[in-house]
Amino acid sequence: MIAHLQGKLVEKTPTHVIIDCAGIGYHVNISLHTYSLLPDADFIKLFTHLQIKEDAHTLFGFIEKSEREIFKMLLSVSGIGASIARTMLSSLDPKQITNAIASGDVVTIQSIKGIGSKTAQRVILDLKDKVLKLYDLDEVSMSQSNTNRDEALSALEVLGFVRKTSEKIIEKIVKEDPDASVESIIKKALKNL
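Caption draft 1: Representation of the overall build of the protein chain within the structure. Counting its secondary structure elements, the protein chain contains nine helices and five strands. Counted from the first residue to the last, the protein chain has its helices and strands arranged as β-β-β-α-β-β-α-α-α-α-α-α-α-α. For 193 residues, the compact-globule estimate of 2.2 N^0.38 gives 16 Å, and the protein chain sits close to it at 18 Å. Across its three principal axes, the protein chain shows a C-alpha extent of roughly 55 × 35 × 30 Å.

In structure tokens, the structure reads:
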């Protein structure tokens, strides 16, 4: 119904923004991923999804169209509501979610607050084909790089490094060298931590 909003950023918090569009202030719920990408400018554009329920009309906003598409896909899964979908996009960035779904990584999806084993399996079962088709991902290479990334991340956690910081650094390393071994990922990450 409302595809996007473009206007003056009036209020900005990690969970929502208020955008003034021609004198009307829209309260838009956002994920931490969108919050981290919001520009410092006064005027912003968010792609939106309007959820209509009996008792409320709720707007969700995304800086990237791809994040909105993942949000909609997550909503199509039984047991995943808007708040859990937003939590998923706040806990992991969209690329991590699509990689986890494409490679059948139940552990990563289950690591999100509010997602149990059965829900994680349902997300993968319902969305794996859509994600592979939509993002044209190669399942085998996704699985391999994801395993190396996860092993390197676990090793860094054991060494006492903060998970969020380690994840960001490892993602950059894996993006530059998708075939990197666990050892080389760890070595490169240690240089950057």
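Here the narrative resumes.
Caption draft 2: Examining the nonpolar core more closely. Counting residues in each nonpolar core, the largest one holds 26 residues, and the members touching the most others are L74, I80, M88, I109, V123 and L127. Where this core is concerned, the elements lending two or more residues are β5 (57–62), α2 (65–75), α3 (82–91), α4 (94–103) and α6 (117–135). Counting residues per element, this core draws most heavily on α6, at six residues. Discounting residues that sit within four places of it in the chain, M88 has contacts with L74, I80, I97, I109, I112 and I115. Counting 13 residues, the second-largest nonpolar core is a separate cluster that includes I19, V28, I30 and I63.

Caption draft 3: Molecular detail of the packing of aromatic side chains. Scanning the model with the defined rule gives two aromatic pairs in all. Each ring, one from F60 and one from F71, has its centre 5.0 Å from the other, and the planes form 40 degrees; the classification is tilted. Here F71 lies in helix α2 and F60 lies in strand β5, a separation of eleven residues in the sequence. By the burial criterion, F60 is buried, and F71 matches it. Between the aromatic rings of F62 and F71, the centroid separation amounts to 5.0 Å while the plane-to-plane angle is 50 degrees, which identifies the pairing as tilted. Judged by its relative accessible area of 0%, F71 falls in the buried class. In this structure an aromatic cluster arises from ring pairing among F60, F62 and F71.

Caption draft 4: Quick peek at the pairing of strand β3 (residues 24–29). By the bridge criterion, six bridges tie strand β2 (residues 16–21) to β3 in an arrangement that is antiparallel. Within β3, the residue paired with D20 across the bridge is G25. Turn length for the β2-β3 hairpin, with the two strands adjacent in sequence and antiparallel, is two residues, and the turn residue A22 shows positive phi of about 55 degrees.

Thresholds, definitions, all that
Residues numbered from 1 in each chain as written. Predicted model: local features only at pLDDT ≥ 70, side-chain atom pairs only at ≥ 80, totals over all residues. Heavy atoms only, no water. Helix = DSSP H or I, 4+ residues; strand = E, 2+ residues; numbered from the N terminus. Rg over C-alpha atoms; globule rule 2.2 N^0.38 Å. Core = buried A, V, L, I, M, F, W, Y, C linked by side-chain atoms within 4.5 Å. Buried < 20%, exposed > 50% of the residue type's maximum accessible area, 1.4 Å probe, protein only. Contact = heavy atoms within 4.5 Å. Phe/Tyr/Trp six-rings, centres within 6.5 Å; stacked < 30°, edge-to-face > 60°. Pairing = 2+ DSSP bridges.

So far we have only geometry, and geometry alone does not tell us how the molecule works.
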